[in-house]
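Chains, contacts and geometry: an overview
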Amino acid sequence: MAQRRVSPRPTTDGARMSAHARRPSAASAGRSRRLLVRARRLMPGGVNSPVRAFGAVGGTPRFIARGAGPHLWDVDGNRYLDLVCSWGALILGHGHPEVVEAACRAVRLGSTFGAPTQAEVELAAEIVAAVPSIESVRFVSSGTEAVMTAVRLARAFTGRATIAKFEGGYHGHADGLLVRAGSGAAALGTPDSAGIPPACAADTLVLPYNDLPRAREVLTARAEEIACVIVEPVAGNMGVVPPQPGFLEGLRALAERSGALLIFDEVITGFRVAYGGAQERYGVSADLTTLGKIVGGGFPLAAVGGRREVMDLLAPTGPVYQAGTLSGNPVACAAGLATLRLLKRENPYPALEASADRLARGLREAAARAGVPHTLNRVGSMLALFFADRWVTDCQSAEATDRARYAAFFRGMLARGVYLPPSQLEAAFLSTAHEDEHVGLVCEAAEAVLRAL
Ligand SMILES: *Cc1c(COP(=O)(O)O)cnc(C)c1O
């Protein structure tokens, strides 16, 4: 086993820590803490995406200096085993040589042109070959944009306004999708965020995940109004919640019957749960698919794709406007292409499945031995350890888990050099760079931390 830097200390928050600056551990987050102070003066909360602030788990967010393979190093020189992998984007781990080489080669030729490039064509071809329901694709710069475009397309195609989503499903931060609504009810949406006029959310119906009877009821009653049903085929933004058998198939049939389009938001699952995403894994195809994260190889790139007759509604072939200065950026396309080609060539999915299974088992055993009630959900190389004594099958059960215990677990693991998602409601990811040895270390750390909880 490689030498590991002794990592930062277990506890709590920056202000309190500075009182104990003599403890060896206290020094180890000093630079992060100082950067955070400075960052907060310059950027809201000191971060550019809220969950990075560690609000749900406490403690000082680590400012990251570099990554290599399965590891991250923070600005204080602490090394962590990374189980976030940039929220699932880095399925090959940090700095995979082929991806780095492709990106460097591209950037030397120019970073952006605002004109078509061959890399876009190659990447589009790779995606169309990977996902049978995708005949045509448009590149954008974020998953949020991909979803916005998918919804706009669905509305234009159907001539209807209402969209149906699922409680706990995250589809980026566009106004009409930042809605989860009350539990269980198909109530009209109320926005989750300030600054969204109620009218923007009024056309959003929210349904309980994995509840096909409820979806049937609502989609039947309001069949004429609904432009699309959008779903994360494996929910990855309330921890990890797999679709129950028949759920996706049922949605497929319901959408067809009502004339709505079925949108699979595969921003996480695309190229993650199988090369062809959830559609390959579950054998259910969508009308429109959104891709992000992995598809950009760690760069800002996402995509929406689907049936040609729908996609051709996009300008310049059709009346649906959508554009982007950096859309299909050549560096991002090169990195994405290198990633997809490697995934296709090496088919690491069985190995990822096996190492994620080992991790899941190790965590379950560690929790069981420590007497900590838990539920572990896993699909492929995405997983979530919930502190709950019941199954987690939907948003309500995910939210009913013991998040304070997760926060303590997170801090304990961080202190032992394991970087978990800083919220119980986010998924952990493995990459191809995570070897047995790393999985073993995570399990050992988990056992120690869980016993101490
Ligand atoms: C991350 C994510 C998005 C948003 O993607 P961004 O690139 O962060 O805008 C949308 N849908 C799902 C399922 C995601 O996980």
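Residues numbered from 1 in each chain as written. Predicted model: local features only at pLDDT ≥ 70, side-chain atom pairs only at ≥ 80, totals over all residues. Heavy atoms only, no water.

Thoughts on unusual backbone geometry
For the bond running from Ala-315 to Pro-316, omega is 10°, close enough to zero to count as cis. Mapped onto the secondary structure, Pro-316 falls in the loop between helix H11 (308-311) and helix H12 (330-346). One non-glycine residue with positive phi stands out, namely Ser-86, at about 50°. Given a relative accessible area of 39%, Ser-86 falls into the partly exposed group. (Helix = DSSP H or I, 4+ residues; strand = E, 2+ residues; numbered from the N terminus. Buried < 20%, exposed > 50% of the residue type's maximum accessible area, 1.4 Å probe, protein only.)

Details of the site of the ligand
In the region of the ligand, the neighbouring residues are Ser-142, Gly-143, Thr-144, Tyr-170, His-171, Gly-172, Glu-232, Asn-237, Asp-265, Val-267, Ile-268 and Lys-293. Side-chain polar atom of Thr-144 to an oxygen atom of the ligand: 2.7 Å apart, as the coordinates give it. Contact between the ligand and Asn-237: an oxygen atom at 3.2 Å from a side-chain N or O atom of the residue. Protein coverage of the free-state accessible area of the ligand, which is 380 Å², stands at 82%. (Near = heavy atom within 4 Å. Polar contact = N/O pair within 3.5 Å; in protein donor to acceptor, adjacent residues only side chain to side chain. Areas by Shrake-Rupley, 256 points an atom, 1.4 Å probe, with all protein chains shown as cover.)

Regarding the pattern of salt bridges
What the rule picks out here adds up to 20 salt bridges. Here Glu-122 and Arg-341 are joined by a salt bridge, their closest N and O atoms 3.3 Å apart. Taken together, the residues span a long stretch of sequence, with Glu-122 in helix H5 (residues 118-130) and Arg-341 in helix H12 at a distance of 219 residues. A residue is classified by how much of its surface remains accessible, and Arg-341, at 39% relative accessible area, is partly exposed. (Salt bridge = Lys/Arg side-chain N within 4 Å of Asp/Glu carboxyl O.)

Here's the deal with the confidence of the model for the chain
Residues of the chain with pLDDT of at least 70 account for 92%, and the chain-wide mean is 92. Contacts for the low-pLDDT stretch residues 1-27, under 50 throughout, to residues beyond four places or in other chains number 52 contacts. Of the regions scoring below 50 in pLDDT, residues 181-187 engages in 22 contacts with residues more than four places distant in sequence or in other chains. (pLDDT = per-residue confidence, 0-100. Contact = heavy atoms within 4.5 Å.)

Points about the sheet that holds strand E3 (residues 79-82)
Across the sheet, four strands lie side by side as E1-E2-E3-E13; this open sheet has mixed pairing. In this open sheet, the two edge strands, each paired with only one partner strand, are strand E1 (64-68) and strand E13 (418-419). Where E1 and strand E2 (residues 71-74) come together, four bridges link them in antiparallel fashion. Across the sheet, residue Gly-67 finds its bridge partner in E2, namely Leu-72. Running over the sheet, helix H16 (residues 436-452) touches E2, E3 and E13 and is turned about 105° from E3. (Pairing = 2+ DSSP bridges. Axes fitted to C-alpha atoms, helices over the stretch in contact; angles between N-to-C directions.)

Overview of the environment of Asp-287
Structurally, Asp-287 can be placed in the loop between helix H10 (277-282) and strand E9 (288-291). Take Asp-287: its relative accessible area is 5%, and that puts it in the buried class. Spatially, the C-alpha atom of Asp-287 lies 9.4 Å from that of Ala-260, the residues being 27 residues apart in sequence. Ignoring sequence-local partners within four residues, the contact set of Asp-287 consists of Arg-252, Ala-260, Leu-261, Leu-262, Gly-305, Gly-306 and Arg-307. Within the structure, the side chain of Asp-287 is placed 2.7 Å from the backbone nitrogen of Leu-262, a separation counted as a polar contact. Engagement of the side chain of Asp-287 in a polar contact is seen with the side chain of Arg-307, the distance being 2.8 Å.

Thoughts on the nonpolar core
Among the nonpolar cores identified, the biggest contains 71 residues, and Ile-127, Phe-271, Leu-340, Leu-343, Leu-359, Phe-409 and Met-413 are the most heavily contacted of them. In terms of residues, this core owes the most to one element, H12, which gives ten residues. Each of two domains, domain 1 (26-82 + 348-452) and domain 2 (97-346), supplies a minimum of three residues to this core. Once residues lying within four places of it in the same chain are set aside, the contact partners of Ile-127 are Ile-134, Val-137, Phe-139, Phe-271, Leu-291, Val-295 and Leu-340. If you look at the next biggest cluster of nonpolar residues, it comprises 42 residues, including Leu-207, Phe-247, Ala-255 and Met-382. (Core = buried A, V, L, I, M, F, W, Y, C linked by side-chain atoms within 4.5 Å. Domains from an automatic or database assignment.)

Comments concerning the domain arrangement of the chain
The domain architecture assigned to the chain consists of domain 1 (26-82 + 348-452) and domain 2 (97-346). One C-alpha centre belongs to domain 1, the other to domain 2; they are set 26 Å apart. Of the residues lining the interface, 24 residues belong to domain 1; the matching set on domain 2 comes to 28 residues. With both chains or domains summed, domain 1 and domain 2 bury close to 2,000 Å², and 61% of this area falls on carbon and sulfur atoms. Contact with domain 2 buries surface across domain 1, with Tyr-349, Val-379 and Met-382 losing the most and accounting together for 32% of the total. On inspection of domain 1 and its partner domain 2, the count reaches one salt bridge. Ionic pairing is found between Glu-353 and Arg-281, a salt bridge with its closest N-O pair at 3.1 Å. The interface formed by domain 1 and domain 2 contains eight residue pairs in polar contact (both at pLDDT 80 or more). Residue composition of the side of domain 1 that touches domain 2, grouped by class: 14 nonpolar, six polar and four charged. (Buried area = accessible area lost by both parts, 1.4 Å probe. Nonpolar A, V, L, I, M, F, W, Y, C, P; charged D, E, K, R; others polar.)

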